[in-house]
Every structure is written in structure tokens, then in C-alpha cells.
Amino acid sequence: MACSTVTVPRIKLGSQGLEVSAQGLGCMGMSAFYGPPKPEPDMIKLIHHAVATGVTFLDTSDFYGPHTNELLIGKALQSGVREKVELATKFGVTFADGKMDTCGDPTYVRAACEGSLMRLGVDCIDLYYQHRIDKKVPIEVTKLVEEGKIKYIGLSEASASTIRRAHAVHPITAVQLEWSLWSRDVEEDVIPTCRELGIGIVAYSPLGRGFLSSGAKLVDSLSEQDFRKYMPRFQQENLDKNAQIFERVNAMAARKGCTPSQLALAWIHHQGNDVCPIPGTTKIENFNQNVGALSVKLTPDEMAELESYAAAGEVEGDRYPQMDNTWKDSETPPLVAWKSE
């Protein structure tokens, strides 16, 4: 199913006016975490191809590299491309002395925003996310600069209560969360909260970090620099059972005449028009395949069948080696307690 036959629709994210392509492009793997950085000219060509195709919602972060992914996006946005895209980046994750940390201090946020603007070569960020929640600082205190430098505010990996507290201070346009056929814990509380408050949902890793595209053979191709190699779900003790999920998805895709990745993405698209998946890739052919998912139609029975493949208890292993930097552990101190210190 080639992307040349697909028109990429537009959807509204949140209630503040942001409109994006119904599918975005996650850019992290071009520069970081999924093996060595990819050749810059090839990645710029891919980004330009995505925008020309109608996938205009680009996702990056100052943590990817760190900084190198924003620099790459900045180069790709030159020559009149900036006006055609919705640009999302993130702050809040720091890395020093070999250790990752989070920071939501307002002074840091201002400096982070200025740094992202400079690297991206833009004067305004369309959607600025707090990448991870700083549990030392009340969410109400982590104010983003409001001087025309950002248009909309987002959160990533935030719990339902954290989202409510933040939204009460300033409207949250989008929450980014891991959501796929094999990562569905957000459906219980986080997604209903977003919908109650009119907040858009951005699904990262909608292909299970590539597993729902390739299955267990993906692990054999990972370099030592690829952090997926060290994630619980990709460990041998969990891999055999998880491989059965992929095989079922693959068999259903064959029946429907699409690829497993298209089927997995179609499942996300069928969740509603307030959801935008942002699959990442470094290859134009894979990008084209992903866009083809927009043409895959699923019946309610097919949706239920897909969900049964990865029902609770069917997926082995956590999403991350440490789950303390996810929405499950994102509570911040009460504002009144923080003020009294």
C-alpha cells in the first residue's frame, strides 16, 4: 500500500486551535538511541519527503543527541520548509556525568527554550512538551515562557492527576504517551482524562519500537548502541512469548493485504480523531509504508481481534528498564507545601 495513493488528513489536537497531520514523524532515531546517527543528507531528504507527502507534524527533543536531532531538524527546515510544518520539541530531561535527570525549574525551562529555538533556527515552537515530569517541582510551577516563543503546551509521560493539575493552570494542548497494541496501560486512566479535558493524544512508539513491524528478528539487527537491546521486552526470556503477538498480527495483516506495521498503525488511527501517532523511521520506503496505514480500514470485530492478541498478561516485560521516569511515577509535590518551604 504505497503512500502515493494516500491523502494525509488533518486533525485538531486539543482545544486551543492546533491542527496537525493525522500522522506525524518521530525524528529521534535519526540521531540517537537507535544505533549510530544516520547520514544527515539522507535524513533531510526523508524529512522533506514526509512534508511533501503531507506528514507535517515533526517531533524532536533537546535530549535526542543531546541537541543533535534539533540541529538536524533545523537544517531540514531551511529553504521555506518551516512554514509548512507543525514543529514539536521537548524540555525537561538532562544528562550529566553519565546520569539522566529531570528538571522543571522555571529558570531552566527558559534557558532550554532559548537553546531549542537557536538550534532549530526558528523564532517560535508550535508545541513545546515537558518531556518528563520533575518530581521535585510542583507541576504548577513549571511555567513555560509566554512571550510568543511557543504556541501550545504539552506534557509527556504524565499521570492523570499531574495532567489535571497542569491543565488547571494553563490549557494543555497535547499529551504524548506510549500507546500501541502492546502498550495499553494508558487506556485505563490517562487517555480518559485527556478526553474529558479536551486534550489531544500523541502516540509515540506506535509500532512497539519496531517490534510490530519485524517481530523477534528485529533484535538480531540491533547494534550495541541501540538502547532497545537492553529493554525488558526485547530480552530473550520475554522474547519468545512476545513473538507470538507479532505472528498473530502478521497473519491478520496477510489476510487484509497490508503489512503488520500498517495494521498496528491503523489500530491507533481507529482510536479516534483526537489521536496522532508519530512513528519514527530512517528509511523512505518504511515511511511510505507507514503512511499507507491511513488507507487500512478495520471493523469493530477486527479491532477486538487485534486487541485480544496483546490483552493484559500477554505482553512480557516492562516498557523501560526503569519505570520511574514514566507516568506511573510522575507525581509532584503539592504547590502549597512547596511554597511554604
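Up top you'll find the structure we're talking about.
Owing to the predicted nature of the structure, the values given are computational and were not obtained by experimental measurement.

S.K.: Could you clarify how one ought to interpret the overall build of the chain in this entry?
M.R.: A tally of regular secondary structure across the chain gives 12 helices and 12 strands. At 19 Å, the chain has a C-alpha radius of gyration in line with the 20 Å of a compact globule built from 341 residues. Sequence-distant contacts in the chain: of pairs separated by 6 or more residues, those separated by 24 or more amount to 77%. Split by element, the accessible area of the chain, about 14200 Å² in all, is 52% carbon and sulfur. Within the chain, the 44 negative side-chain charges are centred at a point lying 3 Å from the centre of the 35 positive side-chain charges.

S.K.: I keep staring at the sheet that holds strand β11 (residues 200–204) and nothing clicks. Help me out?
M.R.: Within a beta sheet, neighbouring strands are joined by backbone hydrogen bonds and run either parallel or antiparallel to one another. Spatially, β3-β4-β5-β8-β9-β10-β11-β12 is the arrangement adopted by the 8 strands of the open sheet, whose pairing is parallel. With one partner strand each, in any of the chains shown, β3 (25–26) and β12 (275–277) form the two edges of the open sheet. In this sheet, strand β4 (residues 57–59) lies alongside β3 in parallel orientation, the contact comprising 2 bridges. In the strand pairing of β4, L25 is matched with L58. Where helix α3 (residues 106–120) meets the sheet, it contacts β5 (86–91), β8 (125–130) and β9 (150–156), and its direction lies at approximately 135° from that of β8.

S.K.: Is there a simple way to explain unusual backbone geometry in this structure?
M.R.: Leave glycine aside and you will find that most residues have negative phi; peptide bonds, for their part, are mostly trans. Residue P66 is reached from G65 by a cis peptide bond, and omega for that bond is -5°. Even without being a glycine, F33 presents a positive backbone phi close to 75°. In this structure, F33 sits in the loop between β3 and α1 (40–53). In this structure F33 comes out as partly exposed when scored by relative accessible area, which is 26%.

S.K.: Can you help me understand the side chain of R209 in this one?
M.R.: In this fold, R209 is placed in the loop between β11 and α6 (211–214). Classification of R209 by relative accessible area gives buried; the value is 8%. For R209, the side chain forms a polar contact with the side chain of Y34, separated by 3.0 Å. Apart from the residues within four sequence positions on either side, R209 is in contact with Y34, E178, Y204, L218, F227, R228, M231, F234 and Y320.

Definitions and limits used
Residues numbered from 1 in each chain as written. Predicted model: local features only at pLDDT ≥ 70, side-chain atom pairs only at ≥ 80, totals over all residues. Heavy atoms only, no water. Helix = DSSP H or I, 4+ residues; strand = E, 2+ residues; numbered from the N terminus. Rg over C-alpha atoms; globule rule 2.2 N^0.38 Å. Contact = heavy atoms within 4.5 Å. Areas by Shrake-Rupley, 256 points an atom, 1.4 Å probe, with all protein chains shown as cover. Lys, Arg positive; Asp, Glu negative; His and termini not counted. Charge placed at Lys NZ, Arg CZ, Asp CG, Glu CD. Pairing = 2+ DSSP bridges. Axes fitted to C-alpha atoms, helices over the stretch in contact; angles between N-to-C directions. Buried < 20%, exposed > 50% of the residue type's maximum accessible area, 1.4 Å probe, protein only. Polar contact = N/O pair within 3.5 Å; in protein donor to acceptor, adjacent residues only side chain to side chain.

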